[in-house]
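Fold and contact review
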Amino acid sequence: MRGRVLIPLPNTGAMGRKRNNFYMRSIFILALCIFGLLQYHNFNYLDSRDAMLSDSVTNDSVDAILSMVPATLHKYLTPHSRNHSTSAAALVSNASSAVMGVSGMASATTISFDAYRPPNITEIKRQIIRYNEMQLVLNEDTFGPLQNDSVIIVIQVHTRINYLRHLIVSLAQARDISKALLIFSHDYYDDDINDLVQQIDFCKVLQIFYPYSIQTHPHEYPGVDPNDCPRNIKKEQALISNCNNAMYPDLYGHYREAKFTQTKHHWWWKANRVFNELEVTRFHTGLVLFLEEDHYVAEDFLYLLAMMQQRTKDLCPQCNILSLGTYLKTFNYYTYHKVEAMPWISSKHNMGFAFNRTTWRSIRRCAQHFCSYDDYNWDWSLQHVSQQCLQRKLHAMIVKGPRVFHIGECGVHHKNKNCESNQVISKVQHVLRIARNSHQLFPRSLMMTVPSLLKKSKLRKGNGGWGDLRDHELCMNMTLPTR
(Lines give C-alpha, C1' and ligand atoms only; values in the text may rest on other atoms or scores of the structure.)
Protein backbone atom coordinates (compact mmCIF):
# COMPACT_ATOMS: atom_id res chain seq x y z
CA MET A 1 0.00 0.00 0.00
CA ARG A 2 3.08 2.17 0.26
CA GLY A 3 3.35 4.80 -2.39
CA ARG A 4 -0.40 5.04 -3.15
CA VAL A 5 -1.49 8.60 -3.91
CA LEU A 6 -5.02 9.60 -2.87
CA ILE A 7 -6.70 11.41 -5.72
CA PRO A 8 -9.69 13.55 -4.69
CA LEU A 9 -12.93 12.66 -6.46
CA PRO A 10 -14.55 15.31 -8.58
CA ASN A 11 -17.29 17.34 -6.85
CA THR A 12 -20.55 16.12 -8.42
CA GLY A 13 -22.82 18.22 -6.12
CA ALA A 14 -24.56 15.18 -4.58
CA MET A 15 -23.89 16.27 -1.04
CA GLY A 16 -25.13 19.76 -1.79
CA ARG A 17 -28.32 18.41 -3.30
CA LYS A 18 -28.90 16.27 -0.23
CA ARG A 19 -28.46 19.28 2.00
CA ASN A 20 -30.82 21.33 -0.17
CA ASN A 21 -33.45 18.59 -0.12
CA PHE A 22 -33.16 18.37 3.64
CA TYR A 23 -33.64 22.13 3.98
CA MET A 24 -36.60 22.13 1.58
CA ARG A 25 -38.33 19.32 3.44
CA SER A 26 -37.75 21.06 6.74
CA ILE A 27 -39.15 24.33 5.39
CA PHE A 28 -42.18 22.53 3.93
CA ILE A 29 -42.93 20.71 7.19
CA LEU A 30 -42.49 23.94 9.14
CA ALA A 31 -44.87 25.73 6.77
CA LEU A 32 -47.47 23.00 7.24
CA CYS A 33 -47.18 23.29 11.00
CA ILE A 34 -47.56 27.07 10.86
CA PHE A 35 -50.60 26.75 8.54
CA GLY A 36 -52.19 24.22 10.86
CA LEU A 37 -51.61 26.45 13.88
CA LEU A 38 -53.11 29.43 12.05
CA GLN A 39 -56.21 27.43 11.08
CA TYR A 40 -56.57 26.16 14.62
CA HIS A 41 -56.20 29.68 15.97
CA ASN A 42 -58.71 31.00 13.42
CA PHE A 43 -61.44 28.52 14.34
CA ASN A 44 -60.75 28.98 18.04
CA TYR A 45 -61.01 32.72 17.51
CA LEU A 46 -64.34 32.39 15.71
CA ASP A 47 -65.72 30.11 18.40
CA SER A 48 -64.45 32.28 21.23
CA ARG A 49 -65.74 35.43 19.55
CA ASP A 50 -69.16 33.82 19.11
CA ALA A 51 -69.09 32.71 22.72
CA MET A 52 -68.21 36.22 23.87
CA LEU A 53 -70.96 37.72 21.74
CA SER A 54 -73.53 35.25 22.97
CA ASP A 55 -72.42 35.64 26.58
CA SER A 56 -72.57 39.43 26.41
CA VAL A 57 -76.37 39.16 26.47
CA THR A 58 -78.34 36.31 28.00
CA ASN A 59 -78.69 33.66 25.28
CA ASP A 60 -82.45 33.43 25.31
CA SER A 61 -83.21 37.06 26.08
CA VAL A 62 -85.22 39.20 23.68
CA ASP A 63 -82.21 41.49 23.22
CA ALA A 64 -80.01 38.58 22.19
CA ILE A 65 -82.57 37.37 19.67
CA LEU A 66 -83.06 40.83 18.18
CA SER A 67 -79.29 41.41 17.98
CA MET A 68 -79.07 38.50 15.52
CA VAL A 69 -81.81 39.91 13.26
CA PRO A 70 -81.43 42.85 10.82
CA ALA A 71 -83.28 45.91 12.07
CA THR A 72 -85.49 45.97 8.97
CA LEU A 73 -86.96 42.62 10.03
CA HIS A 74 -87.77 43.56 13.62
CA LYS A 75 -91.28 44.42 12.49
CA TYR A 76 -92.05 40.70 12.16
CA LEU A 77 -90.98 40.09 15.76
CA THR A 78 -92.87 43.01 17.27
CA PRO A 79 -96.39 42.09 18.43
CA HIS A 80 -99.23 44.38 17.38
CA SER A 81 -102.04 42.44 18.97
CA ARG A 82 -105.70 43.23 18.47
CA ASN A 83 -106.70 40.40 20.77
CA HIS A 84 -106.62 42.44 23.95
CA SER A 85 -108.74 45.30 25.24
CA THR A 86 -107.11 48.65 24.60
CA SER A 87 -107.75 51.70 26.71
CA ALA A 88 -109.07 54.86 25.13
CA ALA A 89 -106.13 56.84 26.48
CA ALA A 90 -103.65 54.57 24.76
CA LEU A 91 -105.56 54.84 21.50
CA VAL A 92 -105.60 58.62 21.70
CA SER A 93 -101.87 58.83 22.40
CA ASN A 94 -101.09 56.55 19.46
CA ALA A 95 -103.74 57.80 17.05
CA SER A 96 -101.56 60.14 15.02
CA SER A 97 -98.71 57.68 14.68
CA ALA A 98 -101.15 54.92 13.70
CA VAL A 99 -102.65 57.05 10.93
CA MET A 100 -99.20 58.11 9.70
CA GLY A 101 -97.92 54.52 9.77
CA VAL A 102 -100.48 53.18 7.31
CA SER A 103 -99.88 55.91 4.71
CA GLY A 104 -101.70 54.56 1.64
CA MET A 105 -104.41 53.00 3.79
CA ALA A 106 -105.07 56.16 5.79
CA SER A 107 -108.44 56.72 4.21
CA ALA A 108 -109.63 53.38 5.56
CA THR A 109 -108.29 53.95 9.06
CA THR A 110 -110.73 54.69 11.85
CA ILE A 111 -110.08 55.14 15.54
CA SER A 112 -112.41 53.15 17.76
CA PHE A 113 -112.64 53.28 21.54
CA ASP A 114 -114.41 49.92 21.70
CA ALA A 115 -112.54 46.86 22.90
CA TYR A 116 -111.53 44.44 20.17
CA ARG A 117 -114.13 41.77 19.55
CA PRO A 118 -112.87 38.65 17.80
CA PRO A 119 -115.13 37.35 15.02
CA ASN A 120 -117.73 34.75 15.93
CA ILE A 121 -117.91 31.32 14.32
CA THR A 122 -120.36 32.44 11.64
CA GLU A 123 -118.10 35.31 10.61
CA ILE A 124 -115.01 33.08 10.68
CA LYS A 125 -116.68 30.58 8.35
CA ARG A 126 -117.67 33.40 6.01
CA GLN A 127 -114.10 34.74 5.95
CA ILE A 128 -112.64 31.27 5.34
CA ILE A 129 -114.93 30.76 2.35
CA ARG A 130 -113.99 34.20 1.04
CA TYR A 131 -110.23 33.60 1.33
CA ASN A 132 -110.42 30.14 -0.24
CA GLU A 133 -112.54 31.37 -3.15
CA MET A 134 -110.45 34.49 -3.83
CA GLN A 135 -107.06 32.71 -3.86
CA LEU A 136 -105.45 36.15 -3.69
CA VAL A 137 -101.66 36.10 -4.21
CA LEU A 138 -100.18 39.04 -2.33
CA ASN A 139 -97.16 40.92 -3.75
CA GLU A 140 -97.61 39.36 -7.19
CA ASP A 141 -97.48 42.85 -8.73
CA THR A 142 -94.03 43.33 -7.19
CA PHE A 143 -92.42 39.93 -7.80
CA GLY A 144 -94.29 38.77 -10.89
CA PRO A 145 -96.28 35.60 -11.52
CA LEU A 146 -95.16 32.22 -10.25
CA GLN A 147 -92.79 30.44 -12.61
CA ASN A 148 -93.51 26.78 -13.31
CA ASP A 149 -90.19 25.67 -11.84
CA SER A 150 -90.16 28.03 -8.83
CA VAL A 151 -90.22 26.58 -5.32
CA ILE A 152 -93.55 26.62 -3.50
CA ILE A 153 -93.18 26.66 0.28
CA VAL A 154 -96.25 25.38 2.14
CA ILE A 155 -96.39 26.22 5.85
CA GLN A 156 -98.88 24.50 8.14
CA VAL A 157 -100.02 27.00 10.79
CA HIS A 158 -102.00 26.47 13.99
CA THR A 159 -101.84 29.09 16.77
CA ARG A 160 -98.18 29.47 17.79
CA ILE A 161 -97.56 32.97 16.47
CA ASN A 162 -94.31 33.45 18.38
CA TYR A 163 -92.60 30.64 16.50
CA LEU A 164 -94.20 31.73 13.24
CA ARG A 165 -92.61 35.17 13.65
CA HIS A 166 -89.14 33.64 13.78
CA LEU A 167 -89.82 31.38 10.81
CA ILE A 168 -90.84 34.41 8.75
CA VAL A 169 -87.68 36.28 9.81
CA SER A 170 -85.53 33.32 8.75
CA LEU A 171 -87.35 33.07 5.41
CA ALA A 172 -86.85 36.78 4.80
CA GLN A 173 -83.06 36.34 5.03
CA ALA A 174 -82.85 33.46 2.56
CA ARG A 175 -81.24 33.97 -0.82
CA ASP A 176 -83.69 33.84 -3.77
CA ILE A 177 -86.74 33.95 -1.49
CA SER A 178 -88.21 36.60 -3.79
CA LYS A 179 -88.68 33.91 -6.46
CA ALA A 180 -90.69 31.61 -4.18
CA LEU A 181 -94.37 31.47 -3.31
CA LEU A 182 -95.25 31.12 0.38
CA ILE A 183 -98.55 29.35 1.01
CA PHE A 184 -99.73 29.57 4.61
CA SER A 185 -102.25 26.85 5.39
CA HIS A 186 -104.24 27.67 8.54
CA ASP A 187 -106.47 25.49 10.70
CA TYR A 188 -107.23 28.38 13.06
CA TYR A 189 -108.53 31.78 12.00
CA ASP A 190 -106.81 34.53 13.98
CA ASP A 191 -106.63 38.23 13.12
CA ASP A 192 -103.16 38.66 14.65
CA ILE A 193 -101.74 35.80 12.60
CA ASN A 194 -103.44 37.14 9.46
CA ASP A 195 -101.98 40.59 10.08
CA LEU A 196 -98.50 39.10 10.47
CA VAL A 197 -98.70 37.04 7.29
CA GLN A 198 -100.16 39.88 5.26
CA GLN A 199 -97.32 42.10 6.42
CA ILE A 200 -94.77 40.01 4.46
CA ASP A 201 -93.20 42.06 1.69
CA PHE A 202 -90.22 39.96 0.52
CA CYS A 203 -92.03 37.46 -1.75
CA LYS A 204 -95.40 36.28 -3.02
CA VAL A 205 -97.84 35.10 -0.36
CA LEU A 206 -101.10 33.13 -0.42
CA GLN A 207 -103.29 32.09 2.51
CA ILE A 208 -105.53 29.03 2.51
CA PHE A 209 -107.79 27.91 5.36
CA TYR A 210 -108.62 24.33 6.33
CA PRO A 211 -112.45 24.43 6.34
CA TYR A 212 -113.15 21.47 8.68
CA SER A 213 -111.40 22.72 11.81
CA ILE A 214 -112.31 22.27 15.46
CA GLN A 215 -112.55 26.05 15.67
CA THR A 216 -115.39 26.21 13.15
CA HIS A 217 -117.05 22.97 14.33
CA PRO A 218 -116.64 23.06 18.12
CA HIS A 219 -119.76 21.02 18.99
CA GLU A 220 -120.09 18.78 15.97
CA TYR A 221 -117.90 16.52 13.86
CA PRO A 222 -115.04 17.05 12.87
CA GLY A 223 -114.91 18.80 16.24
CA VAL A 224 -116.22 17.27 19.43
CA ASP A 225 -119.80 16.04 19.13
CA PRO A 226 -121.58 15.77 22.52
CA ASN A 227 -122.50 12.18 21.61
CA ASP A 228 -118.93 11.11 20.75
CA CYS A 229 -117.64 8.12 22.67
CA PRO A 230 -115.21 9.12 25.45
CA ARG A 231 -111.63 8.10 24.65
CA ASN A 232 -111.25 5.45 27.34
CA ILE A 233 -114.73 3.95 27.45
CA LYS A 234 -114.89 0.17 26.94
CA LYS A 235 -116.44 -1.03 23.69
CA GLU A 236 -119.18 -2.91 25.53
CA GLN A 237 -120.18 0.25 27.41
CA ALA A 238 -119.95 2.30 24.21
CA LEU A 239 -122.35 -0.06 22.44
CA ILE A 240 -124.81 0.14 25.34
CA SER A 241 -124.66 3.96 25.40
CA ASN A 242 -124.95 4.06 21.58
CA CYS A 243 -122.34 6.81 21.32
CA ASN A 244 -120.93 7.82 17.93
CA ASN A 245 -118.70 5.24 16.25
CA ALA A 246 -119.13 2.77 19.12
CA MET A 247 -118.39 -0.15 16.79
CA TYR A 248 -114.97 1.13 15.74
CA PRO A 249 -112.41 1.98 18.43
CA ASP A 250 -108.78 2.16 17.34
CA LEU A 251 -106.12 -0.56 17.55
CA TYR A 252 -105.73 0.01 21.26
CA GLY A 253 -109.42 0.16 22.15
CA HIS A 254 -109.57 3.97 22.33
CA TYR A 255 -112.03 6.30 20.67
CA ARG A 256 -111.46 9.41 18.61
CA GLU A 257 -109.90 12.63 19.95
CA ALA A 258 -110.55 15.55 17.60
CA LYS A 259 -107.46 17.54 18.60
CA PHE A 260 -105.21 14.73 17.39
CA THR A 261 -107.05 13.82 14.19
CA GLN A 262 -107.09 17.42 12.94
CA THR A 263 -103.36 17.56 12.14
CA LYS A 264 -103.50 14.57 9.77
CA HIS A 265 -106.66 15.86 8.12
CA HIS A 266 -105.10 19.29 7.66
CA TRP A 267 -101.90 17.92 6.11
CA TRP A 268 -103.81 15.79 3.60
CA TRP A 269 -106.22 18.63 2.77
CA LYS A 270 -103.47 21.19 2.15
CA ALA A 271 -101.48 18.79 -0.09
CA ASN A 272 -104.57 18.13 -2.19
CA ARG A 273 -105.41 21.82 -2.20
CA VAL A 274 -101.96 22.93 -3.36
CA PHE A 275 -101.42 20.32 -6.07
CA ASN A 276 -104.97 19.85 -7.35
CA GLU A 277 -107.16 22.87 -6.64
CA LEU A 278 -105.32 26.21 -6.65
CA GLU A 279 -105.25 28.16 -9.90
CA VAL A 280 -101.77 29.56 -9.25
CA THR A 281 -100.31 26.03 -9.07
CA ARG A 282 -102.26 24.52 -11.97
CA PHE A 283 -99.21 24.25 -14.27
CA HIS A 284 -96.50 24.16 -11.64
CA THR A 285 -93.89 21.44 -12.21
CA GLY A 286 -91.29 22.41 -9.61
CA LEU A 287 -90.73 21.41 -6.01
CA VAL A 288 -93.18 21.90 -3.16
CA LEU A 289 -91.42 22.23 0.20
CA PHE A 290 -93.36 21.44 3.38
CA LEU A 291 -92.67 23.42 6.55
CA GLU A 292 -94.49 24.04 9.82
CA GLU A 293 -94.95 27.12 11.98
CA ASP A 294 -92.23 26.08 14.45
CA HIS A 295 -89.46 25.57 11.89
CA TYR A 296 -86.49 27.83 11.18
CA VAL A 297 -84.51 27.90 7.92
CA ALA A 298 -80.89 28.67 7.06
CA GLU A 299 -80.18 31.45 4.60
CA ASP A 300 -78.94 28.99 1.95
CA PHE A 301 -81.84 26.52 2.16
CA LEU A 302 -83.22 27.38 -1.30
CA TYR A 303 -79.73 27.47 -2.80
CA LEU A 304 -79.01 23.99 -1.44
CA LEU A 305 -82.42 22.64 -2.43
CA ALA A 306 -81.81 23.72 -6.03
CA MET A 307 -78.35 22.12 -5.97
CA MET A 308 -79.78 18.85 -4.62
CA GLN A 309 -82.45 18.86 -7.31
CA GLN A 310 -79.84 19.38 -10.04
CA ARG A 311 -77.65 16.55 -8.76
CA THR A 312 -80.43 14.01 -8.21
CA LYS A 313 -79.94 12.32 -11.58
CA ASP A 314 -76.28 11.49 -11.04
CA LEU A 315 -76.10 11.23 -7.22
CA CYS A 316 -79.38 9.46 -6.46
CA PRO A 317 -81.59 8.57 -9.45
CA GLN A 318 -84.03 6.67 -7.20
CA CYS A 319 -84.58 9.66 -4.87
CA ASN A 320 -88.04 11.25 -5.12
CA ILE A 321 -87.90 13.29 -1.89
CA LEU A 322 -85.35 15.92 -0.87
CA SER A 323 -85.00 16.51 2.86
CA LEU A 324 -83.43 19.63 4.36
CA GLY A 325 -84.09 18.90 8.03
CA THR A 326 -82.86 16.24 10.39
CA TYR A 327 -83.18 15.85 14.13
CA LEU A 328 -79.67 16.22 15.56
CA LYS A 329 -78.56 16.67 19.15
CA THR A 330 -75.14 18.00 18.11
CA PHE A 331 -74.00 19.69 14.92
CA ASN A 332 -70.86 19.01 12.90
CA TYR A 333 -69.93 22.14 10.98
CA TYR A 334 -67.99 20.16 8.37
CA THR A 335 -70.98 18.24 7.00
CA TYR A 336 -72.79 21.17 5.41
CA HIS A 337 -71.85 20.09 1.86
CA LYS A 338 -72.54 16.39 2.40
CA VAL A 339 -75.68 14.47 1.49
CA GLU A 340 -76.76 10.86 1.87
CA ALA A 341 -79.53 8.74 0.43
CA MET A 342 -81.81 6.27 2.18
CA PRO A 343 -85.46 5.17 2.34
CA TRP A 344 -87.68 7.94 3.67
CA ILE A 345 -88.30 7.46 7.40
CA SER A 346 -91.19 9.37 8.95
CA SER A 347 -89.53 10.04 12.30
CA LYS A 348 -86.29 11.32 10.74
CA HIS A 349 -87.18 12.99 7.46
CA ASN A 350 -90.55 14.66 8.08
CA MET A 351 -89.14 18.17 8.54
CA GLY A 352 -88.45 20.46 5.60
CA PHE A 353 -88.90 17.90 2.82
CA ALA A 354 -89.86 18.53 -0.78
CA PHE A 355 -91.27 16.59 -3.71
CA ASN A 356 -92.81 17.37 -7.08
CA ARG A 357 -96.13 16.70 -8.76
CA THR A 358 -95.02 13.33 -10.14
CA THR A 359 -94.36 12.01 -6.63
CA TRP A 360 -97.60 13.53 -5.36
CA ARG A 361 -99.66 11.76 -8.04
CA SER A 362 -98.22 8.44 -6.88
CA ILE A 363 -99.06 9.25 -3.26
CA ARG A 364 -102.57 10.44 -4.13
CA ARG A 365 -103.36 7.19 -5.93
CA CYS A 366 -102.76 5.51 -2.57
CA ALA A 367 -105.32 7.69 -0.75
CA GLN A 368 -107.15 4.66 0.59
CA HIS A 369 -104.01 3.46 2.38
CA PHE A 370 -103.35 6.92 3.82
CA CYS A 371 -106.92 7.55 4.94
CA SER A 372 -107.67 4.15 6.47
CA TYR A 373 -104.36 3.51 8.27
CA ASP A 374 -104.99 3.58 12.01
CA ASP A 375 -102.50 6.28 12.94
CA TYR A 376 -103.33 9.91 13.67
CA ASN A 377 -99.86 11.03 12.45
CA TRP A 378 -99.70 12.12 8.82
CA ASP A 379 -95.99 11.21 8.53
CA TRP A 380 -96.43 7.66 9.81
CA SER A 381 -99.37 7.32 7.42
CA LEU A 382 -97.18 8.53 4.56
CA GLN A 383 -94.54 5.93 5.40
CA HIS A 384 -97.27 3.27 5.44
CA VAL A 385 -98.23 4.41 1.92
CA SER A 386 -94.61 4.03 0.82
CA GLN A 387 -94.25 0.54 2.28
CA GLN A 388 -97.64 -0.89 1.34
CA CYS A 389 -98.79 0.85 -1.82
CA LEU A 390 -96.17 2.71 -3.87
CA GLN A 391 -94.44 0.79 -6.64
CA ARG A 392 -91.56 3.23 -6.38
CA LYS A 393 -90.95 3.64 -2.64
CA LEU A 394 -90.21 7.01 -1.10
CA HIS A 395 -86.44 7.43 -1.17
CA ALA A 396 -84.83 10.58 0.19
CA MET A 397 -81.69 12.57 -0.40
CA ILE A 398 -80.87 14.10 2.97
CA VAL A 399 -78.47 16.91 3.73
CA LYS A 400 -76.27 16.00 6.71
CA GLY A 401 -75.85 19.60 7.84
CA PRO A 402 -79.50 20.61 8.33
CA ARG A 403 -80.95 23.73 6.72
CA VAL A 404 -84.31 23.42 8.49
CA PHE A 405 -84.46 23.36 12.28
CA HIS A 406 -87.22 22.59 14.77
CA ILE A 407 -87.61 25.39 17.33
CA GLY A 408 -90.96 24.44 18.86
CA GLU A 409 -90.88 23.66 22.56
CA CYS A 410 -94.58 22.91 22.74
CA GLY A 411 -97.07 21.31 20.42
CA VAL A 412 -99.21 18.21 19.91
CA HIS A 413 -96.59 15.84 21.32
CA HIS A 414 -94.64 18.11 23.66
CA LYS A 415 -95.82 20.18 26.61
CA ASN A 416 -93.19 22.24 28.42
CA LYS A 417 -93.76 24.66 31.26
CA ASN A 418 -92.47 27.61 29.25
CA CYS A 419 -93.86 27.48 25.74
CA GLU A 420 -92.53 30.93 24.86
CA SER A 421 -88.88 30.12 25.60
CA ASN A 422 -86.35 31.57 23.15
CA GLN A 423 -83.61 29.18 24.19
CA VAL A 424 -83.87 26.91 21.14
CA ILE A 425 -84.18 29.88 18.78
CA SER A 426 -81.01 31.39 20.23
CA LYS A 427 -79.17 28.08 19.88
CA VAL A 428 -80.13 27.73 16.22
CA GLN A 429 -79.04 31.30 15.50
CA HIS A 430 -75.71 30.57 17.18
CA VAL A 431 -75.21 27.36 15.16
CA LEU A 432 -75.91 29.18 11.90
CA ARG A 433 -73.58 32.04 12.81
CA ILE A 434 -70.69 29.63 13.35
CA ALA A 435 -71.50 27.86 10.07
CA ARG A 436 -71.58 31.21 8.30
CA ASN A 437 -68.31 32.45 9.80
CA SER A 438 -66.53 29.20 8.95
CA HIS A 439 -67.82 29.41 5.34
CA GLN A 440 -69.90 26.22 5.56
CA LEU A 441 -73.03 27.70 3.99
CA PHE A 442 -73.51 28.01 0.21
CA PRO A 443 -71.20 25.09 -0.69
CA ARG A 444 -69.81 24.99 -4.22
CA SER A 445 -70.51 21.29 -4.61
CA LEU A 446 -72.20 18.35 -2.92
CA MET A 447 -70.53 15.18 -1.70
CA MET A 448 -72.52 11.96 -1.46
CA THR A 449 -71.60 9.93 1.60
CA VAL A 450 -72.45 6.33 2.40
CA PRO A 451 -74.90 6.16 5.31
CA SER A 452 -74.26 3.85 8.21
CA LEU A 453 -75.72 0.37 7.88
CA LEU A 454 -79.48 0.66 8.05
CA LYS A 455 -81.76 -2.01 9.40
CA LYS A 456 -84.49 -3.08 7.04
CA SER A 457 -87.56 -1.03 7.85
CA LYS A 458 -90.22 -3.27 9.37
CA LEU A 459 -93.92 -2.90 8.79
CA ARG A 460 -95.10 -1.02 11.84
CA LYS A 461 -98.31 -1.15 13.77
CA GLY A 462 -99.96 2.27 13.75
CA ASN A 463 -100.19 4.53 16.77
CA GLY A 464 -103.98 4.43 16.73
CA GLY A 465 -106.30 7.40 17.14
CA TRP A 466 -107.73 6.85 13.65
CA GLY A 467 -110.37 4.15 13.99
CA ASP A 468 -113.41 6.37 13.45
CA LEU A 469 -114.99 5.70 10.05
CA ARG A 470 -116.04 9.34 9.82
CA ASP A 471 -112.35 10.29 9.66
CA HIS A 472 -111.74 7.76 6.89
CA GLU A 473 -114.62 9.17 4.87
CA LEU A 474 -113.69 12.83 5.37
CA CYS A 475 -110.09 12.09 4.41
CA MET A 476 -111.12 10.30 1.22
CA ASN A 477 -113.54 13.10 0.29
CA MET A 478 -110.62 15.56 0.31
CA THR A 479 -109.11 13.60 -2.57
CA LEU A 480 -112.12 14.07 -4.82
CA PRO A 481 -111.38 16.49 -7.70
CA THR A 482 -112.94 19.93 -7.32
CA ARG A 483 -111.28 21.84 -10.16
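Located above this text is the structure these notes cover.
Here's what I pulled together on the structure shown here. Because the structure is predicted, anything quoted here is derived from the model rather than measured.

Here we come to the state of the cysteines. As enumerated under the stated definition, the model contains four disulfides in all. A sulfur-sulfur distance of 1.8 Å marks the disulfide that ties Cys-316 to Cys-319. One disulfide, between Cys-316 and Cys-319, carries an S-S torsion of 70 degrees and so falls in the right-handed class. Across the pair, Cys-319 and Cys-316 agree in class, each one buried.

Attention now goes to the pairing of strand β7 (residues 338-343). Two elements, β7 and strand β11 (residues 447-448), share two bridges in a ladder whose sense is parallel. Pairing of Val-339 across the sheet is with Met-448, part of β11. Sheet analysis places β7 next to strand β9 (residues 395-399), joined by five bridges and oriented antiparallel. Paired with Ala-341 across the bridge in β9 is Met-397.

Another point: empty space enclosed by the protein. Inspection of the entire model under this criterion finds one cavity of 30 Å³ or more. The volume enclosed by the largest cavity comes to roughly 30 Å³. Every residue along the wall of the largest cavity is listed here: Trp-267, Lys-270, Phe-290, Leu-291, Glu-292, His-295, Asn-350, Phe-353 and Trp-378. A total of three residues in the lining of the largest cavity trace back to one element, the largest contributor, which is strand β4 (residues 288-292). Taken together, the residues of the lining of the largest cavity sort by class into five nonpolar, two polar and two charged.

Moving on: the packing of helix α9 (residues 258-277) against helix α15 (residues 469-477). α15 packs onto α9 with a crossing angle of 15 degrees between their chain directions and a minimal axis gap of 9 Å. Judged by the angle between their axes, α9 and α15 are roughly parallel. Considering only the axes of α9 and α15, their crossing is right-handed. Contacts between α9 and α15 involve Thr-261, His-265 and Trp-268 from the former and Asp-471, Leu-474 and Cys-475 from the latter. Looking at the contact of α9 with α15 residue by residue, the classes come out as three nonpolar, two polar and one charged.

Attention now moves to the side chain of Thr-479. Along the chain, Thr-479 falls in the segment after α15. In this structure, Thr-479 is in contact with Trp-268, Asn-272, Arg-364 and Ala-367, ignoring residues within four places of it in sequence.

A separate point is the packing of α9 against helix α11 (residues 357-364). At a minimum axis separation of 11 Å, α9 and α11 run at an interaxial angle of 130 degrees. By the angle between their directions, the pair α9 and α11 is classed as oblique. Viewed along their axes, α9 and α11 form a crossing whose handedness is left-handed. Side by side, α9 and α11 meet where Trp-268, Ala-271, Asn-272, Phe-275 and Asn-276 of the first sit next to Arg-357, Trp-360, Ile-363 and Arg-364 of the second.

Now for unusual backbone geometry. Omega for the bond connecting Tyr-221 with Pro-222 falls within 30 degrees of zero, at 10 degrees, which places this linkage in the cis form. The topology assignment puts Pro-222 in the loop between β3 (204-209) and α8 (235-241). Positive phi values are uncommon outside glycine, yet Asp-176 reaches one of about 70 degrees. Mapping Asp-176 onto the fold places it in the loop between α6 (161-172) and β2 (181-186). In this model, Asn-242 sits at a positive phi of 60 degrees, which is unusual for a non-glycine residue.

Moving on, we come to the pairing of β9. Most of β9 sits out of view: five of its five residues are buried. Covered by surrounding structure in β9 are His-395, Met-397 and Val-399 together with Ala-396 and Ile-398, the residues of both alternating faces. By the bridge criterion, three bridges tie strand β6 (residues 321-323) to β9 in an arrangement that is parallel. Residue pairing in the sheet places Ser-323 in a bridge with Ile-398 of β9.

As a further point, take the sheet that holds β4. Reading across the sheet, the nine strands line up as β3-β2-β1-β4-β8-β6-β9-β7-β11 and stay open at both edges, with mixed pairing between neighbours. Edge positions in the sheet fall to β3 and β11, since each has one partner strand and no second. Here helix α7 (residues 191-198) sits on the sheet in contact with β1 (152-157), β2 and β3, set at roughly 155 degrees to β3. Relative to the sheet, helix α10 (residues 301-315) contacts β1, β4, β6, β7, β8 (353-355), β9 and β11, its axis offset from that of β9 by approximately 135 degrees.

Criteria and thresholds
- Residues numbered from 1 in each chain as written.
- Predicted model: local features only at pLDDT ≥ 70, side-chain atom pairs only at ≥ 80, totals over all residues.
- Heavy atoms only, no water.
- Disulfide = S-S within 2.5 Å.
- Buried < 20%, exposed > 50% of the residue type's maximum accessible area, 1.4 Å probe, protein only.
- Pairing = 2+ DSSP bridges.
- Helix = DSSP H or I, 4+ residues; strand = E, 2+ residues; numbered from the N terminus.
- 1 Å grid on protein atoms, 1.4 Å probe; cavity = no way out; pocket = protein on both sides within 12 Å on 5 of 7 lines; lining within 4 Å.
- Points joined across faces, edges and corners; volume = space filled by probe spheres on them.
- Nonpolar A, V, L, I, M, F, W, Y, C, P; charged D, E, K, R; others polar.
- Axes fitted to C-alpha atoms, helices over the stretch in contact; angles between N-to-C directions.
- Parallel < 35°, antiparallel > 145°, perpendicular 65-115°, else oblique.
- Left-handed = near helix turned anticlockwise from the far one by under 90°.
- Contact = heavy atoms within 4.5 Å.

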